[in-house]
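Coordinates in review
The primary structure of each chain is shown beneath.
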Amino acid sequence: MDFFNRKGTELYAEDCAVADLAKTYGTPLFVYSRATIERHWHAFDQAAGERPHLVCYAVKANSNLAVLNVLARLGSGFDIVSQGELARVIAAGGDPAKVVFSGVGKKSAEIAYALQQGIYCFNVESEAELDRIQQVAQQLNVIAPISLRVNPDVDAGTHPYISTGLKENKFGVSISDAHRIYAKAESYPHIAVKGIDCHIGSQLTEINPFLDALERILLLVDNLAQQGIELSHIDVGGGLGVCYQDEQPPHPNEYAKAIADKLADRDITLIYEPGRAIMANAGILVTEVEFLKTNQDRHFAIVDGAMNDLIRPSLYQAWQNIIPVVERPELAKQCYDIVGPVCETGDFLGKNRELAINAGDLLAVRSSGAYGFTMSSNYNSRPRAAEIMVDGEQVYVVRERETIESLWQGESLLP
Ligand SMILES: Cc1ncc(COP(=O)(O)O)c(C=O)c1O
Ligand SMILES: N[C@@H](CCCC[NH3+])C(=O)O
């Protein structure tokens, strides 16, 4: 079921007409659906069945406090990559004891903060990081729980910028180095070895790369057990893709079940780190057409949303569906490039879209709930968009639109 649905010609977000939301809160506007977020999270949680497990939502996909709070209330864990993300999780009521900390460049201060908050574990991405965690934990006189992020060298078959599990990528340690690093971790007095972690990339639409990676990881788990190193959890990362256009990724149930089947009767806790699969289709970006314009034979719809609001099309040539908020059956369709006001040729939300629109109409860019607002910027001194969450008929402003004055907050003139 899709909570962004059309009733007649009008697009609705749950029980709210999107045109009314745009009128009340202005554009560009991110609109999230609480019911969608909850449904997606439950799909992962339930598919794990009876096996002890933790769904650690990847905060980078969407770190709005209300989004994190909705998930925290469900009992979610969180995958974070910075002190800022951990602070957000805590501010949103998340439980630090359900937090895994990924990322290749953790600073000592971030490690100390995470230790003080009592996180579930660090996903260690290098030997040097392990040394640093030991050192910080020693200074604080605490034990740091860790798992090692292993790079299984499998091709995730996704965009090269979001592939992370190949040996040429910066993430994790190779399987061949893992034995030695685990042994070192075991010898450190302020480190407690807990698990193993891998994350091979994002927007994966096939199940096989996940299973290939898991097979390699399980082999390593067995070898480690023979070395006397017993792991209590396996973190399979995130990366499950969504349908933006015509992709047919496995349903979270199917994905989680395939993983559970591979684990068979092993006595091991399962952790997932889904981001996109929970949030992408739980959000839209609503934008207004400012002008229609034709250069030579190319038609442009110039809208008030831009690459600073949603960078995925510019950065990854990502395709996201763009639909009119109110359909106009009376108008003929025309092929448009949907472009923003930013002074870059790469500033587009979509190209060659058949739409029946006039200036002043509203468009919705679908699947914008993940890696939308979190990757937005103030480029061209554009205030960042507002974010709202609908819950049935209720609407909550979960982040106000930035003001012009806020754009130079913290800056100062020379004396
Ligand atoms: C370590 C880690 N975990 C989880 C995720 C979430 O990925 P996705 O949004 O593709 O589920 C990412 C991003 O790719 C990541 O780098
Ligand atoms: N930001 C990316 C995904 C990166 C995943 C982070 N490891 C996207 O929008 O597709």
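The model shown is predicted, which means the values in this text are computed figures rather than measured ones. (Residues numbered from 1 in each chain as written. Chains lettered and ligands numbered in written order. Predicted model: local features only at pLDDT ≥ 70, side-chain atom pairs only at ≥ 80, totals over all residues.)

1. Some remarks on the UniProt feature "binding site: substrate" (unreviewed entry) in the chain
Residues annotated by UniProt as "binding site: substrate" (unreviewed entry) correspond here to R276, R312, Y316, E344 and Y371. A stretch of 96 residues holds the annotated residues, and the largest C-alpha distance among them is 26.9 Å, long enough that they do not meet in one place. You can see R312 is positioned in helix α11 (residues 312–316). Taking the number of C-beta atoms within 10 Å as the measure of exposure, R312 has 22 and is therefore buried. What R312 contacts, discounting residues up to four positions off in sequence, is A318, Q320 and Y371. Note that E344 resides in the loop between β17 (334–339) and β18 (348–355). Judged by C-beta crowding, with 14 C-beta atoms within 10 Å, E344 ranks as partly exposed. (UniProt positions renumbered as here; feature names shortened; annotations may be inferred. Helix = DSSP H or I, 4+ residues; strand = E, 2+ residues; numbered from the N terminus. Buried ≥ 20, exposed ≤ 12 C-beta atoms within 10 Å, placed from the backbone. Contact = placed C-beta atoms within 7 Å.)

2. Regarding the domain arrangement of the chain
Its domain assignment divides the chain into domain 1 (4–32 + 280–408) and domain 2 (34–276). Residue-level contacts link 23 residues of domain 1 with 19 residues of domain 2. (Domains from an automatic or database assignment.)

3. Details of the sheet that holds strand β3 (residues 16–17)
Strand order in this open sheet of three strands is β1-β2-β3, and the pairing throughout is antiparallel. Where the open sheet ends on each side, the last strands, each with one partner, are β1 (4–7) and β3. (Pairing = 2+ DSSP bridges.)

4. Here we look at the site of ligand 1
Around ligand 1 sit 16 residues in total, of which A58, S202, G238, G275 and R276 are the nearest. Split by residue class, the shell around ligand 1 holds five nonpolar, eight polar and three charged. (Near = placed C-beta within 6 Å. Nonpolar A, V, L, I, M, F, W, Y, C, P; charged D, E, K, R; others polar.)

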